[in-house]
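# Coordinate analysis (summary)
Here is how the chains run, residue by residue.
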Amino acid sequence: MASHTPRPVTPISMVRVPRPSTVDLITAELRSAIRSGALPVGSPIGEVEMASQLGVSRSPLRESMQRLVQEGLLTASPGRGMRVSVIGPDRVTDVYDARLAIEAQAARLIIKAGADTVLDRLEAAYAALVEVSQGTDALAISDADLEFHRLLVDMAGSPRLGRYMSTLAIETRIAGLSGNGDGYTARRSVSDTYRQLLDALAAGDAVAAFLALERQFAEAVARLTGEDDDVDTVETPVTEAIAVITPIEVSEED
C-alpha cells in the first residue's frame, strides 16, 4: 500500500477581530448617560465617584472624558474640573446648521445611489415617530425623532457622516435638556416636513429634500429658543439618576 506524505498545512491569514477597549466602553456608557439625562446638563463629573460607579480605575476614565471633551459633550473648566456641556439658546442654531449640512448631504447621496432601496426603512421610522408622538413621553418622542434622522444619515453609506451625526444627535438632546430645568420638552405633533422630505427622496429631488430639512430645523430652533411658543408640546421630568450608569465589565486583557 502506497504511503501518503501529509501535505504541509498552509497557515490561514486571519485578521484579529477588534474588541472594544475599556476606554471605548466607558465612553459609550457616558454618552448614553448624557443622552438620557442621567448625567444632567451642567453637572460636574467627579472622577472618584464616577470611577467607583463604573467599577474602573481613574486612568481610563480620564482618557474617556478627554474624548468627550473633544466631541463637545463635556466641558473642562480650570479649577472646576469636567462638567456635562450646556447648549443654551445662543448655540442651538449652530447645532442645527451642522445637522443641515450633514443630513442634506446624506439626502443627496441617497438620491444619487437610488432612494428606492432605503425608503421602506425611512417610512417605517417615520411611522414609528407618528405613533409615539400620540403619547406623552417626551424622551420617547425625541428618541424616535433622532432615530429617523440617524437612519437617514446611515443610509447614505458614509461612516464619517454617521460619526458626525452620532455626536450631533447627543448635542441635540443636550440642547433640549439645557433650557427646560428639570424636564425635557418635545413637540407633540409631527411636522409635515417629514412627509415632504420622504416625498422628495422618492422623487429624487435633492433641492426639495434640502428645503424640507431647512424648514424642519428652523421650526426646531424657534421652539428651543423660545421664539415660537405656540407649538403643542409634551414634557417629561428628568431626574438626576447617576445610579443608572452601568458598571463596566473589564477584561483581564485590558
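Residues numbered from 1 in each chain as written. Predicted model: local features only at pLDDT ≥ 70, side-chain atom pairs only at ≥ 80, totals over all residues. Heavy atoms only, no water.

Okay, the confidence of the model for the protein next. For any part of a model where pLDDT is low, the fine detail of the predicted coordinates should not be relied upon. Here the protein averages 86 in pLDDT, and 84% of its residues register 70 or above. At the low end of the mean pLDDT range in the protein sits strand 5 (residues 233-237), at 75; at the high end sits helix 8 (residues 193-203), at 97. A low-confidence stretch, residues 240-244 stays under pLDDT 50, and its non-local contacts, those more than four residues away or across chains, total eight contacts. (pLDDT = per-residue confidence, 0-100. Helix = DSSP H or I, 4+ residues; strand = E, 2+ residues; numbered from the N terminus. Contact = heavy atoms within 4.5 Å.)

Moving on, we come to the pairing of strand 3 (residues 81-84). Where strand 1 (residues 44-45) and strand 3 come together, two bridges link them in antiparallel fashion. Opposite Ile-45, over in strand 3, you have Met-82 as the bridge partner. Strand direction decides the pairing type here: strand 2 (residues 74-77) and strand 3, joined by four bridges, are antiparallel. Paired with Ser-77 across the bridge in strand 3 is Gly-81. (Pairing = 2+ DSSP bridges.)

This next bit is on the nonpolar core. The biggest cluster of nonpolar side chains holds 67 residues, and the ones touching the most others in it are Leu-30, Ile-34, Leu-61 and Leu-201. Here this core takes ten residues from helix 4 (residues 89-113), the largest share from any one element. With near-sequence residues (within four places) excluded, Leu-61 lies in contact with Ile-26, Leu-30, Glu-47, Met-50, Ala-51, Leu-54 and Val-56. (Core = buried A, V, L, I, M, F, W, Y, C linked by side-chain atoms within 4.5 Å. Buried < 20%, exposed > 50% of the residue type's maximum accessible area, 1.4 Å probe, protein only.)

Let us look at the environment of Tyr-184. Note that Tyr-184 resides in strand 4 (residues 183-187). Judged by its relative accessible area of 5%, Tyr-184 is buried. The spatial distance from the C-alpha of Tyr-184 to the C-alpha of Arg-173 is 8.8 Å, given a sequence separation of eleven residues.

With that settled, consider the packing of helix 4 against helix 9 (residues 206-224). Packing of helix 4 against helix 9 leaves a shortest axis separation of 9 Å and a crossing angle of 160 degrees. On the basis of their axis angle, the class for helix 4 and helix 9 is roughly antiparallel. As for how helix 4 packs across helix 9, the hand of that crossing is right-handed. Touching Val-92, Thr-93, Tyr-96, Arg-99, Leu-100, Glu-103, Ala-104, Ala-107, Arg-108 and Ile-111 of helix 4 are Ala-206, Ala-209, Phe-210, Leu-213, Glu-214, Phe-217, Ala-220, Val-221 and Leu-224, all from helix 9. Looking at side-chain class alone, the contact of helix 4 with helix 9 contains 14 nonpolar, one polar and four charged residues. (Axes fitted to C-alpha atoms, helices over the stretch in contact; angles between N-to-C directions. Parallel < 35°, antiparallel > 145°, perpendicular 65-115°, else oblique. Left-handed = near helix turned anticlockwise from the far one by under 90°. Nonpolar A, V, L, I, M, F, W, Y, C, P; charged D, E, K, R; others polar.)

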